[in-house]
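Per-entry structural report
Residues per chain are reported as follows:
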Amino acid sequence: MQAKKRYLILFSAGVSLILLFYLQEPASRGTPNRGDDPHPHWPHFSDPLRAFIPWDQTETEDYNVRASPRHKRDDNSGAYKCRMDSCFDFSLCGRNGFKVYVYPQQKGEKISESYQNILSSIEGSRFYTSDPGQACLFVLNLDTLDRDQLSPQYVHNLKTKIQNLKLWNNGRNHLIFNLYSGTWPDYTEDLGFDIGQAMLAKASISTENFRPSFDISIPLFSKDHPRTGGERGYLKYNTIPPFRKYVLVFKGKRYLTGIGSDTRNALHHIHNAEDVVLLTTCKHGKDWQKHKDARCDEDNAEYDRYNYKEMLHNSTFCLVPRGRRLGSFRFLEALQAACVPVMLSNGWELPFSEIIDWRTASIIGDERLLLQIPSTVRSIHQDRILSLRQQTQFLWEAYFSSVEKIVLTTLEIIQDRVLQHNAHSTLMWNRLPGGLFTLPQYSSYLGDFPFFYAVLGVKPQQKFTAVIHEVTPLVSQSQPIFNLLVAVAKSQYCAQIIVLWNCDKPLPAKHRWPATSVPVVVIEGESKVMSSRFLPYENIKTDAVLSLDEDTVLSTTEVDFAFTVWQSFPERIVGYPARSHFWDPNKERWGYTSKWTNDYSMVLTGAAFYHRYYNYLYTHYLPSSLKSMVDQLSNCEDILMNFLVSAVTKMPPIKVTQKKQYKETMMGQTSRASRWADPDHFAQRQTCMNKFASWFGTMSLVHSQMRLDPVLFKDQVSILRKKYRDIERL
């Protein structure tokens, strides 16, 4: 009995010492008192909706009441310590701006088609440099896209290969692309090698592992995703009301065991085979029959009854539940189909979340509240549905329709972090035409961009600058340019005239030019090449540019009317000489025609108004390869400008009616400057059409049959007939 007493006394003393140690330990570490802790650890109560929570996420999702993912990643000083200010060397970007270097491919290293498309997109961009000494960012030549050890694309010994790279520097200023990580059965986000201080552009990344303003979440895309261009979205008409045959659809695999099985296994609870059609199949994997349950045969039969594309194109909302990984191919498929994505993947950091406001294009669901999804989407007003669908089309075409756009968006985001004083605003990213076509280096004021005038309620300036492209020497006062100068200078809207001297002869003396009421500035074209006519010259102070060839024949009235029309359409090219493109099925290539037909797709810059921002975009957005082609041919610069503006606006140019048929003057056959006398001129323009379409990845030109006539434009016929009566006389 005494021994038992002594044992109890010793046991009690030991417990007291242990309790005393734990109670005093926080104070000894300098941890603040409970009342000072801004994030106290509240008791964790059981969750009544646990059945809808993926089993592997019970301790990591936003609904874990003990701590949010952001608090957890901030507390984790190891994996999440990297930020731009701690793991990125900004000094590398100070010398040459934001340039990206791609390691040369090593012999014997296999690269998947998808990763090759990523590297090609970088190498074809304006960011690329072949000199590592000029680089601000580095991209590996080792394929890191698929880090699933069971995949045939898995690259072995990647850790050793990366560590042997001389420029690796523990990953500093490196960008790693990844689509798949982890393998059966856990599918973790581990890449199988130490990324060091490198940034991740990763699909299916969780909020737990995502390092804000350092990593970039990208969408999961298939190996068949187009490298450039891509198909346009399927919302052809803004149908009102915007409802479709189905309210909510999904068709995909049902995982019988393991990660991702809980959410998809529960979908049958809300499937009604009428307006909510959620189909799953057990038929996947070699041994699916070993795990089949009582529902499998029925589910498989129902699954085979429906065509996925028909469902996709005829549903208002598309469910995007998590699979084995957080991301899904369904995400991009829904965007393209103008089917509003309903996200059901708790903890997924949505693609490009740093710049895109997904509330305007999707519904963010909660896996725990699955049963509420049908009633939630049915309660959304048709006005908002139309807005959501329109935004899916914009986002798809601006950032997701091709590998190139995904890659360029990734690089633009990083450039914004590096050049913070020239970063895109939220509006630039989330409104037409998107961040890839809106270069903040041009201006930080949205009112300087023609496509934001309507949003801001801004109007363009009431004056224009005429730029006349001169390639022949001044020989006599009867040359067309003299008449053109006088006619343009008489316009009430003309602020100044710039003569771009691209002639090999020296600049003529000032007295050779006619006296005009507006300033005439003569400047030499840079390197005397065709692309120099679209340089963003500092002399151009007005919003509007009137681009003219030296042999253009226009009256003052025609100039005034064209400018009046342009003020109503400042984001487009507005002018007189029209041309068109067509598809030649026999040659399987695009054709170019100057025949007068009912429609057109180009207005040539020999006599056209456009916004001066397009000079900046032409110079800084287009690759040097296209501009070099134009300069070598001394041809096609007008076609290239039309491609660019139509790619930005997704709209055709505007042709205005004139007194005389626009006619290119045939110069002397002996003149070096005579493009129209060159028998190869037309063939060259055919070649240019196909080269430009190839680079843009699609035919960006848009056909139109609209012609604006002074009699009909803005009505009030009697007034306008008097105002533009010279145009009406044939």
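This text goes with the structure placed above it.
All values reported here derive from a predicted model rather than from experimental measurement.

Attention now moves to the state of the cysteines. Evaluation of the coordinates by the stated rule reveals 5 disulfides. With a sulfur-sulfur separation of 1.8 Å, Cys 93 is cross-linked through a disulfide to Cys 136. Taking the sign of the S-S torsion, 55° for the link of Cys 93 and Cys 136, the bridge is right-handed. Here Cys 93 is found in the loop between helix H3 (84–87) and strand S1 (100–102), whereas its partner Cys 136 is found in the loop between helix H4 (113–123) and strand S2 (137–139), with 43 residues between them in sequence. Each of the two residues, Cys 93 as well as Cys 136, counts as buried. A sulfur-sulfur separation of 2.2 Å characterises the disulfide bridge that pairs Cys 282 with Cys 296.

Note: α-helices contain 3.6 residues per turn, so residues at a spacing of three or four share the same orientation. Every buried residue of helix H8 (residues 296–304) is listed here: Cys 296, Asp 299, Asn 300, Glu 302 and Tyr 303. For H8, the arc enclosing every buried residue in end-on projection is 165°, short of the 170-degree limit, so these residues lie on one face. Facing away from the buried side of H8 by more than 90 degrees, the exposed set consists of Asp 297, Glu 298 and Asp 304. Contact partners of the buried residues in H8: strand S8 (246–253), strand S9 (276–281) and helix H7 (288–291).

All right, on to unusual backbone geometry then. Residues Leu 432 and Pro 433 are joined by a peptide bond in cis, for which omega reads 5°. Here the phi dihedral of Asn 157 falls at roughly 55°; this positive angle occurs in a residue that is not glycine. Residue Lys 650 is not a glycine yet carries a positive backbone phi of 60°. Structurally, Lys 650 is set in the loop between helix H20 (637–649) and strand S22 (654–656).

With that settled, consider the nonpolar core. The biggest cluster of nonpolar side chains holds 76 residues, and the ones touching the most others in it are Phe 177, Phe 352, Tyr 399 and Phe 400. Counting residues per element, this core draws most heavily on helix H13 (residues 403–418), at 8 residues. Split by domain, this core shows at least three residues from each of two domains, domain 1 (84–217) and domain 2 (246–398). Sequence-distant contacts of Phe 352, defined by excluding residues within four places in its chain, comprise Ile 216, Ser 217, Ile 218, Pro 219, Tyr 399, Phe 400, Ile 406, Thr 409, Thr 410 and Ile 413. Counting 53 residues, the second largest nonpolar core, distinct from the first, contains Val 603, Ala 647, Met 689 and Ala 693.

Before going further, it helps to spend a moment on the side chain of His 225. Structurally, the position occupied by His 225 is in the loop between strand S7 (216–217) and S8. Under the relative-accessibility criterion, His 225 is labelled buried at 10%. A polar side-chain atom of His 225 sits 2.8 Å from the main-chain carbonyl oxygen of Phe 400. Those residues in contact with His 225, other than ones at most four positions away along the chain, are Asn 117, Leu 332, Trp 396, Phe 400, Ser 401, Ser 402, Val 403 and Ile 406.

Another aspect to go through is the sheet that holds strand S15 (residues 520–524). Read from one edge of the open sheet, 8 strands run S15-S14-S13-S16-S21-S17-S22-S23, paired in mixed fashion. Both outer strands of the open sheet, S15 and strand S23 (707–708), are each paired with one neighbouring strand and no more. Sheet analysis places strand S17 (residues 574–575) next to S22, joined by 2 bridges and oriented parallel. Note on S22: the bridge partner recorded for Gly 575 is Lys 655.

The next point concerns the sheet that holds strand S6 (residues 199–202). As summarised here, the arrangement of the 5 strands in space is S1-S2-S4-S6-S7, forming an open sheet in which the pairing is parallel. The open sheet is flanked by S1 and S7, the only strands paired with a single partner. The sheet contact formed by strand S4 (residues 174–178) and S6 spans 4 bridges and is parallel. By the bridge assignment for S6, Leu 175 is matched with Met 199.

The N-to-C vectors of helix H19 (residues 624–633) and helix H21 (residues 681–696) enclose an angle of 175°; their axes lie 11 Å apart at closest approach. Taken as axis vectors, H19 and H21 run roughly antiparallel relative to one another. Together, Leu 626, Met 629, Val 630 and Leu 633 of H19 and Gln 684, Thr 687, Cys 688, Lys 691, Phe 692 and Trp 695 of H21 make up the contact between the two elements. Of the residues in the contact of H19 with H21, the class split is 7 nonpolar, 2 polar and 1 charged.

Here we take up the pairing of strand S18 (residues 578–584). Within S18, 5 of the 7 residues are buried, which leaves it mostly tucked inside the rest of the structure. Where S18 and strand S20 (residues 602–603) come together, 2 bridges link them in antiparallel fashion. Paired with Ala 578 across the two strands is Val 603, which belongs to S20. In the sheet, S18 pairs with strand S19 (residues 589–593) via 5 bridges, with the strands oriented antiparallel. Counterpart to His 581 in the pairing with S19 is Tyr 592. Between S18 and S19, which follow one another and run antiparallel, lie 4 residues, and Glu 588 among them has a positive phi close to 55°.

Reading the values: rules and limits
- Residues numbered from 1 in each chain as written.
- Predicted model: local features only at pLDDT ≥ 70, side-chain atom pairs only at ≥ 80, totals over all residues.
- Heavy atoms only, no water.
- Disulfide = S-S within 2.5 Å.
- Helix = DSSP H or I, 4+ residues; strand = E, 2+ residues; numbered from the N terminus.
- Buried < 20%, exposed > 50% of the residue type's maximum accessible area, 1.4 Å probe, protein only.
- Arc of directions from axis to C-beta.
- Contact = heavy atoms within 4.5 Å.
- Core = buried A, V, L, I, M, F, W, Y, C linked by side-chain atoms within 4.5 Å.
- Domains from an automatic or database assignment.
- Polar contact = N/O pair within 3.5 Å; in protein donor to acceptor, adjacent residues only side chain to side chain.
- Pairing = 2+ DSSP bridges.
- Axes fitted to C-alpha atoms, helices over the stretch in contact; angles between N-to-C directions.
- Parallel < 35°, antiparallel > 145°, perpendicular 65-115°, else oblique.
- Nonpolar A, V, L, I, M, F, W, Y, C, P; charged D, E, K, R; others polar.

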